[in-house]
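In case you want the letters, here they are:
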Amino acid sequence: MKKDAEKTMEEEMNALRAGVLGSNDGILSVVGVLFSVAAATTDRFTILLAGLSALVACALSMAAGEYASVSVQRDTEKVAVAEERLRLQNDPTQEHTELVEYYVDKGVSHHTAVAIADELLESDRALAVMVNVRNGFELDQYLSPWAAAFSSLFSAALGGIFPLAAMLYAPANLRWQTTILAVVVSVALTGLISAKLGKANMFRAMLRNIVIGIITMAIHYYVGQLI
């Protein structure tokens, strides 16, 4: 039960992480296109079409990227498990030596480390123990690429909606100010959430996201002006 709970929590954290990153990318991708296009034309339909195209492209790209990334990680871990299973079958003495050295490095006496290694390698947990010691992950606790992909898909789409709605529905004389405010608030929120997840400095993460958002808007605005 504990192992299942840990696996579920890890998958939820991975999906949440992908969601936060996807949301931030959705915001910046969509506002980048919106500022370039809106700086070049005031036609509302053109702006809407460009914004929706950017939103869909970003959401699908983020989903595909997360699926591929997590799938590669999952496949790599499965290969590592298969290799460790062969080591246990073909060279148990070397595995025993490595496990003893692992516990000695942890501060356990050599005599105690030998006893621990003997007991663990004779149990049905031998493969799980060696996988964790050698590779640093738990046996059969593979992350779901689909969970990460769908999290990125929906969060990127949701993030992109904020600047798009602000640009389209704000009064004409407040369009730019409203969109900038929507972006600043949105990226500050994603910075706050990411900092909480990573137990980092919240103010620094929020400020960093805001600065990046402002730079992104400025660059794309002047690109649109040049066009």
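These numbers were taken from a predicted model, which means no experiment stands behind them. (Residues numbered from 1 in each chain as written. Predicted model: local features only at pLDDT ≥ 70, side-chain atom pairs only at ≥ 80, totals over all residues. Heavy atoms only, no water.)

*Asks:* What am I meant to see in the side chain of E84 here?
*Replies:* Relative to the assigned elements, E84 resides in helix α2 (residues 44-90). Side-chain polar atoms of E84 contact the side chain of R134, separated by 2.6 Å. With near-sequence residues (within four places) excluded, E84 lies in contact with E95, L127, M130, V131 and R134. (Helix = DSSP H or I, 4+ residues; strand = E, 2+ residues; numbered from the N terminus. Polar contact = N/O pair within 3.5 Å; in protein donor to acceptor, adjacent residues only side chain to side chain. Contact = heavy atoms within 4.5 Å.)

*Asks:* Explain the packing of aromatic side chains to me, please; I cannot follow it from the model alone.
*Replies:* Working definition: an aromatic ring pair is given by the centre-to-centre distance plus the angle between the planes. For the coordinates displayed, the defined rule picks out seven aromatic pairs. A centroid spacing of 5.1 Å and a plane angle of 85 degrees characterise the contact between Y102 and Y103, whose relative ring orientation is edge-to-face. Among the aromatic residues, those joined into a cluster by ring pairs are F35, W176, Y221 and Y222. (Phe/Tyr/Trp six-rings, centres within 6.5 Å; stacked < 30°, edge-to-face > 60°.)

*Asks:* Looking at this model, I keep getting lost on a nonpolar patch on the surface. Mind explaining?
*Replies:* Together, F203, L207, V211, I215, I219, V223 and I227 make up an exposed nonpolar region whose accessible area comes to about 700 Å². For L207, the location among the structural elements is in helix α8 (residues 202-226). (Patch = residues over 30% accessible without salt bridge, like charges linked within 9 Å, V, L, I, M, F, W, Y side chains within 5 Å. Areas by Shrake-Rupley, 256 points an atom, 1.4 Å probe, with all protein chains shown as cover. Salt bridge = Lys/Arg side-chain N within 4 Å of Asp/Glu carboxyl O.)

*Asks:* Would you take a moment to explain the nonpolar core for this structure?
*Replies:* A general trend in soluble globular proteins is that nonpolar side chains are found buried together. Formed by 18 residues in total, the largest nonpolar core has its most connected members in V30, L34, I47, L164, M167 and V183. Elements with a contribution of two residues or more to this core: α1 (2-40), α2, α6 (145-169) and α7 (175-198). Broken down by element, the residue count for this core peaks at eight residues, all from α1. Ignoring any residue separated from it by four or fewer positions in sequence, one finds V30 in contact with G51, A54, L55, G160, P163 and L164. Membership of the second largest hydrophobic core comes to eight residues, among which are A80, V81, A128 and V131. (Core = buried A, V, L, I, M, F, W, Y, C linked by side-chain atoms within 4.5 Å. Buried < 20%, exposed > 50% of the residue type's maximum accessible area, 1.4 Å probe, protein only.)

*Asks:* Mind showing me how you'd approach the packing of α7 against α8 here?
*Replies:* In helix packing, the relevant descriptors are the interaxial angle and the interaxial distance, both defined with respect to the helix axes. Where α7 meets α8, the closest approach of the two axes is 8 Å, and the angle between their N-to-C directions is 145 degrees. Both α7 and α8 take part in a crossing whose hand is right-handed. Here W176, I180, V183, V184, V187, A188, T190, G191, L192, A195 and K196 of α7 lie close against α8, whose contacting residues are M202, A205, M206, N209, I210, M217 and Y221. Across the contact of α7 with α8, the residue classes break down as 14 nonpolar, three polar and one charged. (Axes fitted to C-alpha atoms, helices over the stretch in contact; angles between N-to-C directions. Left-handed = near helix turned anticlockwise from the far one by under 90°. Nonpolar A, V, L, I, M, F, W, Y, C, P; charged D, E, K, R; others polar.)

*Asks:* For this particular structure, what's the right way to read the packing of α2 against helix α5 (residues 126-135)?
*Replies:* Relative orientation of the contacting elements α2 and α5 amounts to 120 degrees, with a least axis distance of 10 Å. It follows that α2 is oblique to α5 by the angle criterion. The chirality of how α2 crosses α5 is right-handed. Residues A80, V81, E84, R85, R87 and L88 of α2 form the contact with α5, whose participating residues are A126, L127, M130, V131, R134 and N135. Class assignment of the residues belonging to the contact of α2 with α5 gives a composition of seven nonpolar, one polar and four charged. (Parallel < 35°, antiparallel > 145°, perpendicular 65-115°, else oblique.)

*Asks:* Explanation requested: the environment of L168 in the structure shown.
*Replies:* Among the secondary structure elements, L168 is positioned in helix α6. Sequence-wise, L168 and K199 are 31 residues apart; in three dimensions their C-alpha atoms are separated by 36 Å.

*Asks:* It is not clear to me how α7 should be interpreted in this structure. Could you clarify?
*Replies:* Owing to its 3.6 residues per turn, the α-helix aligns residues three or four sequence positions apart on the same side. With 24 residues, α7 extends 35 Å from end C-alpha to end C-alpha; this agrees with the ideal 34 Å at 1.5 Å per step. Of all the residues in α7, the buried ones are R175, T179, A182, V183, S186, V187, A188, T190, G191 and A195. Within two residues after α7, K199 carries a phi angle of roughly 55 degrees, on the positive side. (Expected span 1.5 Å × (residues − 1).)

*Asks:* How do you make sense of the pattern of salt bridges when you look at a structure like this?
*Replies:* Across all of its chains, the model carries four salt bridges by this definition. When the shortest N-O distance is used, the salt bridge between E98 and R134 registers 2.6 Å. Residue E98 is located in helix α3 (residues 92-105), and its partner R134 is located in helix α5; the two are separated by 36 residues in the primary sequence. Each of E84, R87, E95, E98 and R134 takes part in a single network of salt bridges with overlapping partners.

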